[in-house]
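# Architecture at a glance
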Amino acid sequence: MAVAVRPAGTDTEQLPRTVGGREAAPEEWREWSEEPGHDLVATDGGRAVGGIHVSVVGQTEAWMEAIRVHPEAQGRGIAGQLVREAEGVARRYGAAVMRTAIPVHEYSAVAVAERAGYRQLFRAVVLETDVPTGPPHVPYDAPVEQPRPEQTPAVLRFLERTQTVQAWEKLVPLGWRFRRLIPELVRGLIKDHRTALALRPERSEDPQACVLFARHEDAYIISTIDGSPSGMQAVFGEVVEQAQGHAGRVVIFTPDHELLAPLAVREWRHHPWCPEGLIVVQKNLAS
Ligand SMILES: CC(C)(COP(=O)(O)OP(=O)(O)OC[C@H]1O[C@@H](n2cnc3c(N)ncnc32)[C@H](O)[C@@H]1OP(=O)(O)O)[C@@H](O)C(=O)NCCC(=O)NCCS
């Protein structure tokens, strides 16, 4: 019987996130997600044999994740079919581009993306550390401030010039989903107090570092942190101070482990879902 792919209802049977001992998505992807999405289910003779999740993350941007196929049904093109259906859903919501992140070590998923016409954009590393208990190191020459919404253009201009955002082709991750860094996004993060700037000692308009972050019960997540070494220490100290007593760990997304050297964190652990990092891929849905 042919495999059918349909949106999942509330009572639809779905494949678990882990299939054959492999995790299709990190444990926290739903808790950290910033927007709702759609679960699609592949069924064969009434039995769930595959699944995927697709979210619209910007006016014309979509993100897919948690693709998985039952081990006994793998190699029959079901993943390819799930990707095509997810793309169809994204197009119906006006998305012109679809992206996803794949752990570097997941060769099958990388192969699926390549066969489906996705091109590799860049890599990211996800690191975590326990929230330090003592008072954070506060450099004297980098006072920290939460920007006001009218500072959105200046914050955006600063972020766009950072090595991090340039390496990521002007995308930033919120939760596990990368999306374009646009003024509306920065303004929203500023309004939600999810941004901190390290100013210059003379307090000129130009910041020397910036952090974008999210607060969750299990972790504080830094999507982007970049700037001068003491500026980075200062904004990291701000996040750590906020996290103390609220969460056990800080998770950071970065293009390169080395960029975090100024933070002088003694022990970084690679996120267990992607110990060798992530590959972010993209496909233009209009073509
Ligand atoms: C990744 C996964 C979803 C692939 O499912 P699948 O149904 O076996 O994949 P498909 O049969 O649709 O394969 C699609 C294409 O990728 C190719 N492909 C799939 N696995 C491959 C592999 N290990 N090596 C090389 N090519 C592979 C297939 O040949 C196929 O190309 P074709 O259409 O030209 O023949 C499945 O292995 C899985 O569930 N893995 C565990 C969960 C996981 O890692 N999810 C991804 C997290 S990002």
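Residues numbered from 1 in each chain as written. Predicted model: local features only at pLDDT ≥ 70, side-chain atom pairs only at ≥ 80, totals over all residues. Heavy atoms only, no water.

## Things to note about the overall build of the protein
As a reminder, the rule being used: Put simply, DSSP marks the helices as runs of H or I at least four residues long and the strands as runs of E at least two long, and each gets a number from the N terminus on. Atoms counted for the radius of gyration: C-alpha only. Globule rule: 2.2 Å times the number of residues to the power 0.38. Only protein chains enter the accessibility calculation, which uses a 1.4 Å probe; a residue whose area is less than 20% of its type maximum is buried, one above 50% is exposed, and one in between is partly exposed. Residue contacts are counted whenever heavy atoms from the two residues lie within 4.5 Å of one another. Working definition of accessibility: Shrake-Rupley area with a 1.4 Å probe, residue cover restricted to the visible protein chains. Positive: Lys, Arg. Negative: Asp, Glu. His and the chain ends are not part of the count. For this purpose, a charge sits on NZ of Lys, CZ of Arg, CG of Asp or CD of Glu.
Scanning the protein for helices and strands turns up seven helices and 17 strands. Since a compact globule built from 287 residues should have a radius of gyration of about 19 Å, the 20 Å found for the protein is in line with a globular shape. Seen through its C-alpha atoms, the protein measures out along the principal axes to roughly 70 × 35 × 30 Å. Counting the 287 residues in the protein, one finds 54% classified as buried. Sequence-distant contacts in the protein: of pairs separated by 6 or more residues, those separated by 24 or more amount to 71%. Total accessible area computed for the protein in this model is approximately 13400 Å², and 49% of it derives from carbon and sulfur atoms. With 31 positive and 38 negative side-chain charges, the protein shows a separation of 6 Å between the mean positions of the two kinds.

## Some thoughts on the site of the ligand
Note the threshold: Proximity is defined per residue: if any heavy atom of the residue lies within 4 Å of a molecule or strand, that residue is considered near it. In the analysis that follows, any N or O atom pair within 3.5 Å is treated as a polar contact, provided that within protein one partner can donate a hydrogen and the other can accept it, and provided that, for residues neighboring in sequence, both atoms belong to side chains.
Taken together, 20 residues sit near the ligand, with I67, V69, G75, G77 and R115 positioned nearest. One of the side-chain nitrogen or oxygen atoms of R22 is found 3.4 Å away from a nitrogen atom of the ligand. Between the ligand and I67 there is a distance of 2.8 Å, counted from a nitrogen atom to a backbone nitrogen or oxygen. Protein chains bury 74% of the 940 Å² of accessible surface belonging to the ligand in isolation. Secondary-structure elements contributing two or more residues to the shell around the ligand are β6 (61-69), α2 (78-92) and α3 (107-115). No other element matches the five residues that α3 contributes to the shell around the ligand.

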